[in-house]
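Reading the structure
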Amino acid sequence: MHWLHLLRHAKSARDEGVEDRDRPLSRRGRDAARLVGETLTAALGRVDLVLCSSAQRTEETAQLVLAGFAAPPRILFEDELYLAGHAALLRRLLRLDEADGTVLVIGHNPGLHELALRLAAADSPTYRALAAGKFPTTARASFAIDCAWAALDRSRHPLVDYVTLKSLGDRD
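Residues numbered from 1 in each chain as written. Predicted model: local features only at pLDDT ≥ 70, side-chain atom pairs only at ≥ 80, totals over all residues. Heavy atoms only, no water.

Description of the pairing of strand 2 (residues 49-53)
Where burial is concerned, most of strand 2 is hidden: 5 out of the 5 residues are buried. Burial along strand 2 is two-sided: the face carrying Leu49, Leu51 and Ser53 and the face carrying Val50 and Cys52 are both buried. Pairing between strand 2 and strand 3 (residues 74-78): 5 bridges, direction parallel. Bridge pairing in strand 3 places serine 53 opposite glutamate 78. For the crossover that starts at strand 2, traverses helix 2 (residues 56-65) and ends in the parallel strand 3, the hand is right-handed. When strand 2 meets strand 4 (residues 102-107), the two strands line up parallel, connected through 4 bridges. From the neighbouring strand, valine 50 faces strand 4, where its bridge partner is leucine 104. (Buried < 20%, exposed > 50% of the residue type's maximum accessible area, 1.4 Å probe, protein only. Helix = DSSP H or I, 4+ residues; strand = E, 2+ residues; numbered from the N terminus. Pairing = 2+ DSSP bridges. Right-handed = clockwise from strand over helix to strand, strands pointing away.)

As structure tokens, then:
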């Protein structure tokens, strides 16, 4: 059994003079990432590998949400994940090592949301919430994967958790 968690970066600042890849988190985004981080260790348990886009906002999100892990997971910052679509994300996941049982991907929309919709079994309890809404900043979709990583695209998988700031009680 593998576990896959897809996490969208926290809210970024909108500075017209900064390239998209270099946009930092806003104050609100940093606060949200810390709040998500407070729940992450209990929700995920151990994480073997974090695949993170190389954008500044995703790197900052990773630093803040992973701060509570006693043993920080291995993190790979990858250029190919920057604004990656669902197909590129899936191709990357198909190359995962079987030894990495629990993987967290920190990236961008719309790719993460589209990937979550393509992976999720429609009969999962939280599927309707995932399908009906957007995938807001700091949203997380978690899947139980009962196959090899290389076979990830051959079936749908139980969506075991779909968490947004709103579901954590943050109304901001």
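What to know about the packing of aromatic side chains
A complete count under the given rule lists 1 aromatic pair for this structure. Sitting above the plane of the tyrosine 82 ring, arginine 21 keeps its charged end 3.9 Å from the centroid. (Phe/Tyr/Trp six-rings, centres within 6.5 Å; stacked < 30°, edge-to-face > 60°. Lys NZ or Arg CZ within 6 Å of the ring centre and 35° of its normal.)

Side note on helix 1 (residues 27-44)
Counted at 1.5 Å a residue, the expected span for helix 1 with its 18 residues is 26 Å, and the 25 Å between its end C-alpha atoms agrees. Maximal helix bending in helix 1 amounts to about 30°, located at glutamate 38. Along helix 1, the residues that are buried comprise Gly29, Ala32, Ala33, Val36, Gly37, Leu40 and Leu44. In this structure, the buried residues of helix 1 make contact with strand 1 (2-8), helix 2, strand 4 and strand 5 (140-145). Where helix 1 terminates, the next one or two residues include glycine 45, which has phi positive at roughly 70°. (Expected span 1.5 Å × (residues − 1). Bend = angle between axes of the 7 residues up to and from the residue. Contact = heavy atoms within 4.5 Å.)

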